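Now for the letters of each chain:
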Amino acid sequence: MWLEIVLLGLIGFIAATFGSVVGLGGGIILVPGLVFLGPWLLGEAVSSQTAVATSLAVLIFTALSSTLAYSKVKRVDWRNGLIFFITSGPGSMVGAQLAQYFQDSSFQLAFGFFMLAMAVLMIVKERMKPLQIQWRRMQTFTDGTGLTHEYGVNIPLMLLIGFMVGLVSGLFGIGGGSLFVPLMVLLFRYPAHIATATSMFVIFLSSILGTSVHAWNGSVDWMLVLILAPSAWIGGKFGAAIANRMSGKGLLLLLRLTLLVLSIRMIISGFMAD
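Notes on the structure in this doc start here. (Residues numbered from 1 in each chain as written. Predicted model: local features only at pLDDT ≥ 70, side-chain atom pairs only at ≥ 80, totals over all residues. Heavy atoms only, no water.)

## What to know about the overall build of the protein
Reasoning step 1: Broken down by element type, the protein carries ten helices and two strands.
Reasoning step 2: Principal axes of the C-alpha set define a box for the protein whose edges measure 55 × 35 × 35 Å.
Reasoning step 3: With 274 residues in all, the protein has 56% of them scored as buried.
Reasoning step 4: Of the contacts made within the protein by residues no fewer than 6 positions apart, 84% connect residues no fewer than 24 positions apart.
Reasoning step 5: Accessible surface, the protein: about 12100 Å² in total, of which carbon and sulfur atoms supply 71%.
Reasoning step 6: Considering the protein, the positive charge centre built from 15 side chains and the negative charge centre built from 9 side chains are found 17 Å apart. (Helix = DSSP H or I, 4+ residues; strand = E, 2+ residues; numbered from the N terminus. Buried < 20%, exposed > 50% of the residue type's maximum accessible area, 1.4 Å probe, protein only. Contact = heavy atoms within 4.5 Å. Areas by Shrake-Rupley, 256 points an atom, 1.4 Å probe, with all protein chains shown as cover. Lys, Arg positive; Asp, Glu negative; His and termini not counted. Charge placed at Lys NZ, Arg CZ, Asp CG, Glu CD.)

What follows is the structure in structure tokens.
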């Protein structure tokens, strides 16, 4: 029993560390981890709904831990984060409700293809340059190092992005940072470290609302949350510390490879289940 708890805690720590470094939130690793390793660690299968709901609940702790760490070095754009949350919060609730209608096989297919798209996006985004859109409204932001950055602001587009990302977050239990960060960088020319930190703040708020719907539907495994939350809290802080001090290129390469392997595994499982 203690071995299973330690291994579950390790999964939570790894997922939170990866997620915090790049602003993902960690669910993109935690969800397939629970689905594939659940029968071995828990002695019974973990349904897709339970994996998503539990992952989103754990993300509350991961994202809060990361946000607090990033706030100490003044990387969180609180104002724009709240603008994104206006629609990402309700979007997360809608996605959480839609998750109840997924069969396990169809969920594995959808999640597998989503992970594959995220892996490809993470590979190509370093070669993609921010779009040179001349935004009518520009904003300056000074981080903890004293550097001042300037990027665009377009509230209608931010609200649309917020809802879309929130919807995916509640549906897959991933937090949404895998979409938030590249969109913030490419469309509005956010510095990557500001986008990552702000993304974790939005994920924290949205995860609370999405989890409330999952909890109402009885999908959250609170015992798993109790086991995973402490390691996710530590992993969130550890990942933020890595992001604050180094590029983390090796970690990102490992994450991309992990996403590729897991996505292919999820897709194959989905097809075989059918």
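Past the structure itself, the notes keep going.
## Topic: the packing of aromatic side chains
Reasoning step 1: Tallied over the full model, the rule gives nine aromatic pairs.
Reasoning step 2: Ring centres of Phe-107 and Phe-111 lie 5.5 Å apart, and the angle between their planes is 25 degrees; on these two criteria the pair is classed as stacked. Of this pair, Phe-107 and Phe-111 both sit in helix α5 (residues 104-124), four residues apart, which is roughly one turn of that helix. Judged on exposure class, the residue Phe-107 and its partner Phe-111 are both buried.
Reasoning step 3: Ring pairs connect the aromatic residues Phe-107, Phe-111, Phe-114 and Phe-172, which therefore count as one cluster. (Phe/Tyr/Trp six-rings, centres within 6.5 Å; stacked < 30°, edge-to-face > 60°.)

## Description of the packing of α5 against helix α6 (residues 155-172)
Reasoning step 1: Axis separation between α5 and α6 bottoms out at 11 Å; the angle between their running directions is 130 degrees. Taken together, the axes of α5 and α6 are oblique relative to one another. Our pair here, α5 against α6, has a crossing hand that is left-handed. Residues Phe-107, Ala-110, Phe-111 and Phe-114 of α5 pack against Val-168, Leu-171 and Phe-172 of α6.
Reasoning step 2: Grouping the amino acids of the contact of α5 with α6 by side-chain chemistry returns seven nonpolar, no polar and no charged. (Axes fitted to C-alpha atoms, helices over the stretch in contact; angles between N-to-C directions. Parallel < 35°, antiparallel > 145°, perpendicular 65-115°, else oblique. Left-handed = near helix turned anticlockwise from the far one by under 90°. Nonpolar A, V, L, I, M, F, W, Y, C, P; charged D, E, K, R; others polar.)

## Details of the environment of Thr-87
Reasoning step 1: Take Thr-87: it is sitting in helix α4 (residues 78-98).
Reasoning step 2: Measuring from C-alpha to C-alpha, the distance between Thr-87 and Val-165 comes to 9.0 Å, with 78 residues separating the pair along the chain.
Reasoning step 3: If sequence neighbours within four positions are ignored, Thr-87 has contacts with Met-158, Leu-159, Gly-162 and Phe-163.
Reasoning step 4: For Thr-87, the side chain forms a polar contact with the main-chain nitrogen of Phe-163, separated by 3.2 Å. (Polar contact = N/O pair within 3.5 Å; in protein donor to acceptor, adjacent residues only side chain to side chain.)

## Some points on the side chain of Ser-92
Reasoning step 1: Considering the arrangement of structural elements, one finds Ser-92 in helix α4.
Reasoning step 2: For Ser-92, a relative accessible area of 0% translates into the label buried.
Reasoning step 3: A polar contact of 3.2 Å, which involves the side chain of Ser-92, links it to the backbone oxygen of Ser-206.

## Some words on the pairing of strand β1 (residues 137-142)
Reasoning step 1: Alignment of β1 against strand β2 (residues 148-153), held across six bridges, turns out to be antiparallel. Pairing of Gln-139 across the sheet is with Tyr-151, part of β2.
Reasoning step 2: Here β1 folds back onto β2, and the loop between the two strands holds five residues, one of which, Gly-146, carries a positive phi near 95 degrees. (Pairing = 2+ DSSP bridges.)

## Some words on the packing of helix α7 (residues 177-188) against helix α8 (residues 192-216)
Reasoning step 1: Two elements in contact, α7 and α8, have axes separated by 9 Å at closest approach and are oriented at 140 degrees. Our classification of the angle between α7 and α8 gives oblique. Along this stretch, α7 crosses α8, giving a crossing that reads as right-handed. Counted together, Gly-177, Phe-180, Val-181, Met-184 and Val-185 of α7 and Ala-192, Ala-195, Thr-196, Thr-198, Ser-199, Val-202 and Ile-203 of α8 form the full contact between these two elements.
Reasoning step 2: Its residues assigned to classes, the contact of α7 with α8 shows eight nonpolar, four polar and no charged.

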